[in-house]
Amino acid sequence: MKNWMKGLAAGVLVLGLAACGETAEPKTDPETGKKAEIKNESKMTAQEVFKKSVEASADQKSMHAQMDIDQLLEVPSQDLKMNSKIKMDMDMIVEPLSMYQKMQMDMGEQGSMDTEMYMTEEGFFMYEPTTDQWMILPSELVGEMGGEADPTLDMEMFNDFVDDFTFEQTEDEYVLKLKASGEKFNTLLKEVAMQNLPEGLEEGTEEAEILENMEVKSLEYEIFIDKKTFQTNAFNMDIDMTMGIDEEETHIVQKMKAQLSKINEIEKIEIPQEVLDKAVDMNELMGQ
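Just so we're clear, the structure is a prediction, and the values are computed from it rather than from any experiment. (Residues numbered from 1 in each chain as written. Predicted model: local features only at pLDDT ≥ 70, side-chain atom pairs only at ≥ 80, totals over all residues. Heavy atoms only, no water.)

Draft legend 1. Structural detail: the environment of I252. Take I252: it is sitting in strand β12 (residues 248-261). On the basis of relative accessibility, which here comes to 12%, the residue I252 falls in the buried class. Here the alpha-carbon distance between I252 and M82, two residues 170 residues apart in the chain, equals 9.8 Å. Excluding anything up to four places from it in sequence, I252 contacts Q71, L72, L73, I239, D240, M241 and M243. (Helix = DSSP H or I, 4+ residues; strand = E, 2+ residues; numbered from the N terminus. Buried < 20%, exposed > 50% of the residue type's maximum accessible area, 1.4 Å probe, protein only. Contact = heavy atoms within 4.5 Å.)

Right, here's the structure in full:
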């Protein structure tokens, strides 16, 4: 799901910003309704900012990300309601693909779980908390974890969303916002989702049917771009959606906040020798 959401966001931004030739308004405080006072006011247009941002992202070799995710998942037919809070810290190098991730998940009455993972040329290693053991995952999972969806989209799909964008600025950042809801956005999301199904999945499969039966009630995206470097400093995403198969409906409300830093500062991710020494094959561990 992360792949096609990323593709959707990139596609909407391309068209929305390409169609906007205005400069950014000072950011409005959501609580007071007052506009920020800006000394370093930029006269760049949305097109110019986006072009610079694309160029900067092309040079991005590594980064650190901190993410906070609040999620509500409901399955009415099973009388299931689960609130979860996820905190994630991640270091990532683009090429060769390397990653370190530490995640804390609090699921309330369902308990909590802390886990870590390393993914480098040496392999894919994940900590399994229930057995207190590091395990080696199959190499084919590396591609699934690190693969990115092709962001190239048919821009004509986004014509109805040009007016949904706002373009603001603070003293140090540009702020891009998209708020979308209703049937026109739901149709778009389905189309993008179907175009970005994982390799090997085709229409008619269970996964494809879930996406086909998806309904997006609302989605909000907020992206913060540094005025000096044009790198993305942070983004927020709120989504309210339902998906289902065989009359089994799942309702998901997710709020995500991400902070990005150490861009191009991380040169290498090393797997601790202790992990390499103690890790066991996943199939062996699961067979115990």
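Draft legend 2. Layout of unusual backbone geometry. Cis geometry marks the peptide bond from E95 to P96, where omega comes out at -10°. Within the secondary structure layout, P96 lies in the loop between β3 (80-93) and β4 (98-106). The residue D79 is not glycine, and still its phi comes out positive at about 50°. With respect to the element layout, D79 can be found in the loop between β2 (62-75) and β3. Positive phi is not limited to glycine here, since F230 has a value of about 65°.

Draft legend 3. How the structure looks around the pairing of strand β7 (residues 133-137). Strand direction decides the pairing type here: strand β6 (residues 123-128) and β7, joined by five bridges, are antiparallel. Following the sheet pairing, M126 is matched in β7 by M135. Hairpin connection between β6 and β7: a loop of four residues separates the two successive antiparallel strands, and D132 in this loop has a positive phi of roughly 50°. Here two bridges tie β7 to strand β13 (residues 280-281), and the two strands are oriented parallel to one another. Each residue of the ladder has a partner; that of M135, found in β13, is V280. (Pairing = 2+ DSSP bridges.)

Draft legend 4. Highlighting the layout of surface pockets. Of the pockets and cavities examined, the second largest pocket occupies roughly 370 Å³. As for the second largest pocket, its lining consists of 19 residues, and the residues nearest its centre are E220, E222, N236, D238 and K257. Going through the elements one at a time, β2, β9 (173-181), β10 (215-226), β11 (232-245) and β12 are the ones with two or more residues in the lining of the second largest pocket. Looking at side-chain class alone, the lining of the second largest pocket contains six nonpolar, two polar and 11 charged residues. (1 Å grid on protein atoms, 1.4 Å probe; cavity = no way out; pocket = protein on both sides within 12 Å on 5 of 7 lines; lining within 4 Å. Points joined across faces, edges and corners; volume = space filled by probe spheres on them. Nonpolar A, V, L, I, M, F, W, Y, C, P; charged D, E, K, R; others polar.)

Draft legend 5. Structural detail: the packing of aromatic side chains. Going through the model one piece at a time under the given rule, you end up with five aromatic pairs. Summarising the aromatic geometry, the rings of Y100 and Y118 are spaced 4.6 Å apart at their centres and angled 40° between planes, so their arrangement reads as tilted. Residue Y100 is located in strand β4, and its partner Y118 is located in strand β5 (residues 112-120); the two are separated by 18 residues in the primary sequence. Grouping residues by exposure puts Y100 and Y118 together as buried. On the numbers, 5.9 Å between centres and 20° between planes, the contact of F167 with Y174 is stacked. Taken as a pair, F167 and Y174 share a single burial class, namely buried. Seen from the ring of Y174, K227 lies directly overhead, with NZ or CZ sitting 5.7 Å from the centre. (Phe/Tyr/Trp six-rings, centres within 6.5 Å; stacked < 30°, edge-to-face > 60°. Lys NZ or Arg CZ within 6 Å of the ring centre and 35° of its normal.)

Draft legend 6. Geometry of the nonpolar core. Counting residues in each nonpolar core, the largest one holds 33 residues, and the members touching the most others are F167, Y174, Y221, I225, F235 and M241. Secondary structure elements with two or more residues in this core: α2 (46-58), β2, β3, β4, β9, β10, β11 and β12. I225 has contacts with V49, S53, D172, E173, Y174, L176, F230, Q231, T232 and N233, leaving out every residue within four places of it along the chain. In terms of nonpolar packing, the next biggest core, distinct from the first, is built from 12 residues, M63, M90, M117 and I263 among them. (Core = buried A, V, L, I, M, F, W, Y, C linked by side-chain atoms within 4.5 Å.)

Draft legend 7. Fine view of the environment of M113. Looking at the element boundaries, M113 is found in strand β5. The exposure class assigned to M113 is partly exposed, which follows from its relative accessible area of 30%. C-alpha of M113 to C-alpha of M103: the two residues are 10 residues apart in sequence and 8.2 Å apart in space.

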